[in-house]
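Remarks on the overall topology
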Amino acid sequence: MRKSRSSPAGSASPRFLHEVRVRAMATDFVVLLPPDCGHQLDSALDALGLVPEIEARLSVYRIDSDVSRLNRAGGEPCEVHADVIEVLKRAAAVSQQTEGAFDITAGPLVDAWGFTTRSGRKPQADEIAAALAEVGWRQVAIDADRRRVRLGSPSARINFGAIGKGFAIDRVTADLLQRDVTDFLIHGGNSTIAARGSADPESDPDGGWLVGLQHPQLPKQRLGEIRLCDAAMSTSGPGKQFFHHRGKRYGHVIDPRTGMPAGDLESLTVVTAQATESDALATGLFVAGREAASAYAEAQGVALYGVAAKRRQGEVEVVLAGGAELRQIDRDG
């Protein structure tokens, strides 16, 4: 962990946001505080201390984690931490909402396509069929009272890669609020963000935080800004994890219902009340595709920002649904 000062606050005077960060879950978790809140850096640092503890329970890359023990249990009941139970329940809710487009048991499909080892390959139909036989979110049996979980088959396994960061950010958010830190922004590698209060509570207490919507292939290019106020935002898409086979691009986000790489958008961003939900829902709706995702956003009132490719290489358009608003960037300001 370390403390630093960075990130211009956006005013004419040289004022800067305060920053605290910790490395966990293969990314940087960062808390930003307004310019006049430097006295809260220690509280932010303490709150971020929760993230490595959560990683130790949820990560499949930690051999001693609860999730790793569950995956090795061979289909037998396994006692786990309350955090694992909570994430499993939240994941199941999003799986149901997205009709199975979000699925924490999809790991065998990611393996079949070579993305686990970052060596993408197009598998044969029988390989996809074999992987699909091991996938299914309904096979995860949760006994919350006894804090036990059982997977439906000896070779089944779970992975919280598309929901764990959001859960950790929610926990840090709750801890900061308990410490009377009310104006802050948290992000985990920029793909999931939570904001409370304002970036400038003195002069604009209801202003929230302006967050850039990035171009999927050109990370330094912003397509617009989203005003995030007491809410969470997550983005899903293939990013740089894709490969080409016979002239077609295959991304790493796999549809657990078909076994094929998913998505007819370049990226999809959603805004919800909590980061656990936004993290999982962004993946599920990206898998569901532009039409189904937009219909869900309109029906549920979830702000959605889809980025779709246009004919010319590198050109994109932003698709808005669910009451989403995108602030245009003043290029001259």
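Computed from a prediction, not measured in an experiment: that's the story for all the values here.

1. Examining the nonpolar core
Counting 65 residues, the largest nonpolar core has V31, I158, F160 and L176 as the members making the most contacts within it. Considering every element that reaches this core, the biggest residue donor is helix α8 (residues 275–288), with seven residues. The residues contacting L176, other than those within four sequence positions of it, are V31, S43, A44, A47, V181, F184 and I186. Residues A195, V211, L223 and A324 belong to the second largest nonpolar core, which totals 22 residues.

2. Remarks on the pairing of strand β7 (residues 184–188)
Burial analysis of β7 places five of its five residues in the buried class, which makes it a mostly covered element. The alternating pattern of β7 places F184, I186 and G188 on one face and L185 and H187 on the opposite face, and all of these are buried. Bridge count for strand β3 (residues 27–33) against β7 is four bridges, and the pairing is antiparallel. Its bridge partner being in β7, V30 is matched across the sheet by H187. Here β7 folds back onto strand β8 (residues 192–196) in antiparallel fashion, the turn holding three residues, of which G189 has a positive phi close to 70°.

3. So, α8
Taking 1.5 Å of rise per residue, 14 residues should cover 20 Å, and α8 covers 20 Å from first to last C-alpha, within 8% of that figure. Across the 14 residues of α8, 12 count as buried, placing the element largely inside the fold. All of the buried residues along α8 are A275, T276, S278, D279, A280, L281, A282, T283, G284, L285, F286 and V287. Of the residues flanking the end of α8, it is G289, one or two places downstream, whose phi is positive at about 100°.

4. Quick look at the packing of helix α7 (residues 164–178) against α8
Contact geometry of α7 with α8 gives a least axis separation of 7 Å together with a crossing angle of 165°. In terms of orientation, α7 lies roughly antiparallel with respect to α8. The hand of the α7/α8 crossing is right-handed. The residues of α8 that touch α7, namely those facing G164, K165, G166, F167, I169 and D170, are A275, T276 and D279. Counted by class, the contact of α7 with α8 contains three nonpolar, three polar and three charged residues.

5. Section: the confidence of the model for the chain
When pLDDT is averaged along the chain, the result is 90, and 91% of the positions lie at 70 or above. Note on residues 1–14: pLDDT is under 50 here. Beyond four places in sequence and across chains, it has 30 contacts.

6. Looking at the sheet that holds strand β4 (residues 78–79)
Pairing within the open sheet is antiparallel, and its three strands lie in the order β4-β6-β5. The open sheet is flanked by β4 and β5 (141–143), the only strands paired with a single partner. The pairing of β4 with strand β6 (residues 148–150) spans two bridges and is antiparallel. When the sheet's bridge partners are listed, E79 is paired in β6 with R148.

7. Let's talk about the side chain of E266
On the secondary structure map, E266 appears in the loop between β13 (248–251) and β14 (267–272). With a relative accessible area of 14%, E266 lands in the buried category. A polar contact of 3.0 Å, which involves the side chain of E266, links it to the side chain of Q217. With residues up to four places along the chain from it excluded, the contact list for E266 reads P216, Q217, G237, P238, R249, F286, V307, A308 and A309.

8. A short note on helix α9 (residues 290–300)
Among the residues of α9, A293, S294, Y296 and A297 are the ones counted as buried. Taken around the axis of α9, the buried residues stretch over an arc of 160°, which confines them to a single face. For α9, the exposed residues lying more than 90 degrees away from the buried face are E291, E298 and A299. On its buried face, α9 is in contact with α4 (82–97), β14, α8, β15 (303–309) and β16 (316–321). Among the residues trailing α9, G301 stands out with phi positive, at a value near 70°.

9. So, the pattern of salt bridges
All told, the structure shown has 18 salt bridges when counted by the stated rule. Put simply, E19 and R21 hold a salt bridge, and the shortest N to O gap is 2.8 Å. The class of E19 is buried, set by a relative accessible area of 7%. A salt bridge links D46 to R179; the shortest N-O distance between them is 3.8 Å. Taken as a pair, D46 in helix α1 (residues 41–48) and R179 in the loop between α7 and β7 lie far apart in primary sequence, 133 residues in all. Owing to a relative accessible area of 45%, D46 belongs among the partly exposed residues under this scheme. Salt bridges sharing partners connect three or more residues here, namely E19, R21, R23 and D28.

10. Quick notes on the state of the cysteines
Counted under the stated rule, the structure contains zero disulfides. Sulfur of C37: no disulfide; nearest cysteine sulfur belongs to C229 and is 15 Å away. Residue class for C37 comes out buried when judged on its relative accessible area of 9%.

Scoring rules and cut-offs
Residues numbered from 1 in each chain as written. Predicted model: local features only at pLDDT ≥ 70, side-chain atom pairs only at ≥ 80, totals over all residues. Heavy atoms only, no water. Core = buried A, V, L, I, M, F, W, Y, C linked by side-chain atoms within 4.5 Å. Buried < 20%, exposed > 50% of the residue type's maximum accessible area, 1.4 Å probe, protein only. Helix = DSSP H or I, 4+ residues; strand = E, 2+ residues; numbered from the N terminus. Contact = heavy atoms within 4.5 Å. Pairing = 2+ DSSP bridges. Expected span 1.5 Å × (residues − 1). Axes fitted to C-alpha atoms, helices over the stretch in contact; angles between N-to-C directions. Parallel < 35°, antiparallel > 145°, perpendicular 65-115°, else oblique. Left-handed = near helix turned anticlockwise from the far one by under 90°. Nonpolar A, V, L, I, M, F, W, Y, C, P; charged D, E, K, R; others polar. pLDDT = per-residue confidence, 0-100. Polar contact = N/O pair within 3.5 Å; in protein donor to acceptor, adjacent residues only side chain to side chain. Arc of directions from axis to C-beta. Salt bridge = Lys/Arg side-chain N within 4 Å of Asp/Glu carboxyl O. Disulfide = S-S within 2.5 Å.

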